[in-house]
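Chain by chain, the residues run as shown.
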Amino acid sequence: MSGETLTAPMAEALAAPRAQLHRVLRWGLFATALLVVAPFLLDTYTVNILIRALFLAALALTVDILWGYTGVLTFGQSAFFGVGAYACALVFTHYGFGPGWAVFALILGILAAMAVGLLVGWLAFYHGASPLYASIVTLALPIVLTQVVFAGGRYTGSSSGLSGFPTYYWDLEVWFWIAGAFLILVTCLAVLFVRSDMGRVLVAIRENEMRCAYLGIPVSRIKILLMVAMGAIGAAAGFGYAAFTNVVAPELTGFLLGTELLIWVALGGRGTIIGPVLGTIAIDVTSSYLSGSLPFVWKLIIGTAFVLVIVVLPQGLLPELGKALRRLLRRKPAPRPVPTLQVTASKPPGDEAEIPLVVEGVERHFGSLQVLQGIDFRVGRGELLSLVGPNGAGKTTLIRCLADGMEKSGGRVVIFGKDLGRWPPDRCVALGIGRKFQAASIYDTLTVAECLRLARYRLERFSLWQVTPVLQLPEAALRIVKETGLAERLDVEVRHLSHGQKQALDLAMVLALEPSIVLLDEPTAGLTKTERERIGGILTSLVERERLSVLLVEHDLNFVRQISSRVIVMHQGKIVLDGSVAEVVDSALVREIYAGSSHPVTEAGA
Amino acid sequence: MSAETVLELAGVSSGYGEATVVRDVSLSVKNGEIVAMLGKNGMGKSTLLKTVMGYLPVQKGAVTVLQNDMTREPPHRIARRGVAYSPQAEAIFHDLTVRENLVLGMPDPHGFDAEFARICGIFPFMKDRLAQRAGTLSGGEQKMLILARALMARPRLILIDEITEGLQPSVIDRLGQALLDERAKNGVSIFLVEQHIQFALRVADRWAVLKLGEIDDAGDCTAPGAAARIANHLAV
Amino acid sequence: MSVLILDIVTTAAILFTVATGLMIILGVMKLINFAHGAFLTIGGYAAYITTLAGWSPWLAIPFAALVGLVLGLVVEIFIVRPLYSRPLDAILATWGLGIIIGQLITIAFGREVQFAEPPVSGAVEFLGLSYSTYRLLLVMVALIVGAGLTGLLYFTRFGLNARAVIMNEDLARGLGIDSTKVRLATFGLGAALASMAGALITPLISVDPNLGLPWLVNSFMLVLTSGVSIPGLLIVSLLLGGAQVVVSTYLSPIIGGLTIVVLAALILRIRPQGIGWGGS
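Residues numbered from 1 in each chain as written. Chains lettered and ligands numbered in written order. Predicted model: local features only at pLDDT ≥ 70, side-chain atom pairs only at ≥ 80, totals over all residues.

**Remarks on the overall build of chain C**
Secondary structure summary: chain C contains 11 helices and two strands in total. Relative to a compact globule of 280 residues, whose C-alpha radius of gyration would be 19 Å, chain C shows 18 Å and is just as compact. Considering only C-alpha atoms, chain C reaches an extent of 55 × 45 × 35 Å along its principal axes. Across the 280 residues in chain C, those meeting the buried criterion constitute 55%. (Helix = DSSP H or I, 4+ residues; strand = E, 2+ residues; numbered from the N terminus. Rg over C-alpha atoms; globule rule 2.2 N^0.38 Å. Buried ≥ 20, exposed ≤ 12 C-beta atoms within 10 Å, placed from the backbone.)

**As for the overall build of chain A**
In terms of helices and strands, chain A carries 23 helices and 14 strands. Considering only C-alpha atoms, chain A reaches an extent of 90 × 55 × 45 Å along its principal axes. Looking at chain A as a whole, 50% of its 606 residues qualify as buried. Sequence-distant contacts in chain A: of pairs separated by 6 or more residues, those separated by 24 or more amount to 78%. (Contact = placed C-beta atoms within 7 Å.)

**Some details on the sheet that holds strand β4 (residues 357-366) of chain A**
Residues and elements named next belong to chain A. Ordered by their spatial adjacency, four strands build an open sheet running β5-β4-β7-β8, and the pairing between neighbours is antiparallel. The open sheet has two free edges, formed respectively by β5 (369-379) and β8 (418-419), since each of these has just one partner strand. In this sheet, β8 lies alongside strand β7 (residues 410-415) in antiparallel orientation, the contact comprising two bridges. The partner of V414 across the bridge, within β8, is D419. Taken strand by strand, helix α15 (residues 395-403) contacts β4, β5 and β7, and its axis lies near 65° from that of β5. (Pairing = 2+ DSSP bridges. Axes fitted to C-alpha atoms, helices over the stretch in contact; angles between N-to-C directions.)

**As for the domain arrangement of chain A**
Accessible area lost during the coming together of the parts is what is often quoted as the interface size. Residue and element names in this part refer to chain A. Each assigned domain of chain A is listed here: domain 1 (24-255) and domain 2 (357-595). Between the C-alpha centres of domain 1 and domain 2 the distance comes to 43 Å. Elements that contribute at least two residues to the side of domain 1 that touches domain 2 include exactly α7 (172-195), α8 (197-207) and α9 (209-214). Counting residues per element, the side of domain 1 that touches domain 2 draws most heavily on α8, at seven residues. (Domains from an automatic or database assignment.)

**Details of the pairing of strand β8 (residues 189-194) of chain B**
All names here are of chain B. Here β8 lies mainly inside the structure; six of its six residues are buried. Here β8 shows no split at all, with S189, F191 and V193 on one side and I190, L192 and E194 on the other all buried. Both strand β3 (residues 34-38) and β8 contribute to a ladder of five bridges, which runs parallel. Residue pairing in the sheet places L38 in a bridge with E194 of β8. With five bridges connecting them, strand β7 (residues 157-161) and β8 associate as parallel partners. Looking at the pairing, I158 lines up with I190 of β8.

**Considering the interface of chain A and chain C**
Between chain A and chain C, the residue contacts involve 29 residues of the former and 29 residues of the latter. Put simply, the parts of the chain that give the side of chain A that touches chain C at least two residues each are α5 (131-151), α11 (255-268) and α13 (295-312) of chain A. Ranked by residues supplied to the side of chain A that touches chain C, first place goes to α5(A) with 12 residues. Here the residues of the side of chain A that touches chain C sort into 22 nonpolar, six polar and one charged. (Nonpolar A, V, L, I, M, F, W, Y, C, P; charged D, E, K, R; others polar.)

**Observations concerning the sheet that holds β7(B)**
Residues and elements named next belong to chain B. Taken together, six strands build an open sheet; the order of strands is β6-β7-β8-β3-β9-β10 and the sheet is mixed. Each of the sheet's edge strands pairs with one partner strand only, and the pair in question is β6 (83-86) and β10 (214-220). Strand-to-strand twist of the sheet, defined as the mean angle between neighbouring strand axes without regard to direction, takes the value 15°.

**Side note on unusual backbone geometry**
Residues and elements named next belong to chain B. Residues other than glycine seldom take positive phi values, yet E90 does so here, at roughly 50°. Relative to the helices and strands, E90 is located in the loop between β6 and α3 (98-104). A residue is classified by how many C-beta atoms lie within 10 Å of it, and E90, with 11 of them, is exposed.

**A word on the packing of helix α2 (residues 36-52) of chain C against helix α3 (residues 60-80) of chain C**
Residue and element names in this part refer to chain C. Orientation of α2 relative to α3, taken along the N-to-C sense of each, is 135°, at an axis distance of 9 Å. The angle between α2 and α3 falls in the class oblique. In this structure, the crossing between α2 and α3 has a hand that is right-handed. Of the residues in α3, those in contact with F39, I42, G43, A46, A47 and T50 of α2 are A60, F63, A64, V67, G68 and L71. Each residue belonging to the contact of α2 with α3 can be placed in one class, and the counts come to nine nonpolar, three polar and no charged. (Parallel < 35°, antiparallel > 145°, perpendicular 65-115°, else oblique. Left-handed = near helix turned anticlockwise from the far one by under 90°.)

**Considerations on the environment of C:Y154**
Residue and element names in this part refer to chain C. Tracing the backbone shows Y154 in helix α5 (residues 133-155). The partly exposed category is assigned to Y154, around which 13 C-beta atoms lie within 10 Å. Each C-alpha atom, one on Y154 and one on W215, is 28 Å from the other, the two residues being 61 residues apart in sequence.

**A word on α11(A)**
Quick reminder: α-helices carry 3.6 residues per turn. Residues three or four places apart thus point the same way. Residues and elements named next belong to chain A. The first and last C-alpha atoms of α11 sit 20 Å apart over 14 residues, in line with the 20 Å expected at 1.5 Å per residue. Counting buried residues in α11 gives 13 out of 14 residues, a clear majority hidden from the surface. Remark: G269 follows α11 within two positions and exhibits a positive phi of approximately 125°. (Expected span 1.5 Å × (residues − 1).)

**So, the packing of α2(C) against helix α4 (residues 87-109) of chain C**
All names here are of chain C. Contact geometry for α2 and α4: axes closest at 8 Å, N-to-C directions at 25°. Relative to α4, the element α2 lies roughly parallel. Here α2 runs over α4; the crossing is left-handed. Across from G37, A38, T41, I42 and Y45 in α2, the residues of α4 making contact are L97, G98, I101, G102, I105 and F109. Partitioning the contact of α2 with α4 into residue classes produces seven nonpolar, four polar and no charged.

Here it is, written out as structure tokens:
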């Protein structure tokens, strides 16, 4: 079944990542050429400040990746910078100096930063943490570190810092080339990274973290790894900075530097890599020049520009400039890469011997309010089960309890023999649950292809430097993509899709997870008649051809009648009826419930 | 009683984001009239009320309240024109006292004691409950509190979203009677959204059914066979 | 021992007074005002101006409150309101505002430390010790502020409206409450409180353009752990402030400066909603 291609000649698709790599290399070479020549064209003072600015630009880049791309507002990257700087100064001051010592100090600084990053990540990125709390932890980090430095007395130099320690007193040009090479290398890698598959995952986390969990993406783990990696880079930059300037002071680890980084990134253009790098260099160099003549007015201008940008131009100055330039030159923005679609052989869902879904005694309460009680039922292979009932019956709560192990207050949910326990949503996906939300909560700035790929996180390898040219999808997902015209719009951003197409994409993403059990919450809401029929056809074929188990919450009872093999009626948090479509539809009990009877309904035989 | 219109919807479409849930709805409520909008879950009834009250932007058409164009007005301005809104969920402040909830129903709290005495005539149980936290009232008492709050400021128009949900028949009767009495005494107009057919027919003068966001059918509540017609639309 | 207790109580009172402005803004507007430090600084300079102008030092308090109020109203309309749906960006914008205010103050007054005349000075006999009169006075102030705010919240219509907006803004709007005006008034009040607190603490610290900065982070941490309630803030001020005093006295003042931040981060990890019951 595999090997069936649909769009764009294979060769062209495979060539795309190569072209991307070449483009980045070309820019890197150009920058390197500039780097080599620059020291001979500029005066000593400028070169001196530029070297510092280059190291700081590398640090700002890490802030952009964390904040601009992943949405983690961090005040704490300065702490990692400080760790690297102090590693350099402490080792050179107290222990020794030489090539071996230098390597040792660099590695020590990087490892220490990574350890701190791991701690901070564990503290800040636990499942269910609010973004505000993460920012608080990153705020506390540089403050704590600064105080630790103060407390270090003569060892760390306390508030005056350390200076005059042995270091490499190379020519300015040499330092310039080292700093520049470091920055160019980090920038090129960063650009490749943010445009790769993994880079798209970061953007997805920024836009809708919860949805990522339901796509099986381990968000906490990714954020922690990212923090560790960015800490390492920050420490390397700090090491270089300290080695060059020959001075370290607590300000390098502090809260104020941390906020300055955010200002540089915001002004340069968050989420663009190049913007923050250029912005940092420009602002830092200008600051150095003006710090003699009008220090306060300059800071005032920066502060005002910062506030204006945040309020009015959240994208930053450089992207606005870029847009204006593009309009002037009448050039269209670079097209997003379009992968080739390919069918993947679908494996039969789960272990043949086990029952797909067993729900025993599930209940959910909020304080004294009982929302679900005594929920017991099973779903077999190839069953299409509809959950119906008036508002407030607990249907959506039940779906939540099936897709998120931590949601229920009691009871057991067992999938193919494995107990869901208290596993978070991304683990439930691994066990075979695929949940589609009522509102098509997808990622506005990602393309159709990028969204579909996100769903493949658990099943395929995600590249760190390129967009994998082939996108494998199971047949059901592929069919939706074909039939709804999404196959021709793979490079279109989601926000330009119609409501019906968004719903179709959402469903395709859920099916791309290759779930064994599909949970749908009001899949027909807001759809036209044709779209309704199409979804009905897709769900029916999922159940008949692929033998999946489908559970859907619906209000459109005609739809329910047409496609379900079984219906469960819920009322006031309990199951009141579980039977075939005919049994339920003709039941007097159900009519009573829907007519608004107020008596708590007792379970009745059909 | 003049025949002026208290609420006029002209070709109103609205929804969430780009989605259109309510399509091209036109209806009017005259002074002193009670109109019931029925329909199954998910058909757009709550969305319609939220649109009238200004919580959702109107994509097409116009909303006129008490002869004034309220299409683009925010909820608090519409409320201050004499419209009382009782939402389906989260309709009271659980952590505030009964008294505080009632006071919030009156932009000008000056006549509180007089109005409260009037309300106690309709819902006698409230007399000694002023200091009780609203969240500790029973389900039925909470709904009565909602209605009491709506009546405190003597509104011109009341919008009610499925107030009978989950209530005992006796309480439903009392609520219905209170609405009828208030209309008889003070000429208030009421636009209510319901799934409970008997309640709607008992209280309202006219009915309409909302299906997939559009008005599917309408009629007089006193006409014979109305119940059967509506039941047909709402059938499982 | 008694000195320690007095230190704890007076420190808690100072922390409480400084943090209340931040807390009511967070409570009603769900917003972290990172310009809080700058408003404290403004209050400090208002006290300095009072000294320069030769007025009675007691006048510094209402003067600072007035300046804070006016500035707060302006800030809410132009900077905070557009960012209602972007809370993290609001933190940044208010931080940027803080920078602007700091620079304007520096340009106007210079970077040197200034002196503001305190309304009372010296020590007084209390519980068998000689203790700073002013610090004891601040305990009174904290109690008055706490009582005043509680009175405002629970005995006025504005307070009722504000509580309604905190609990359920949509429902409040449907009842005729203009939540935009409530937020505007709240921000103004929060800024006025911060400014007033800044004027109150000048006798204890130096008046310079960076006056408010160390207080910002501590206030921020206290407010979050308080669960956004006035009693909650009193309790965490005592607990965490007390911890800070104990650590500073027995370990080192440097580590002491960290106590509130570290303890707060740990508490919030265990109980993200803080110790209070939030809302009212």
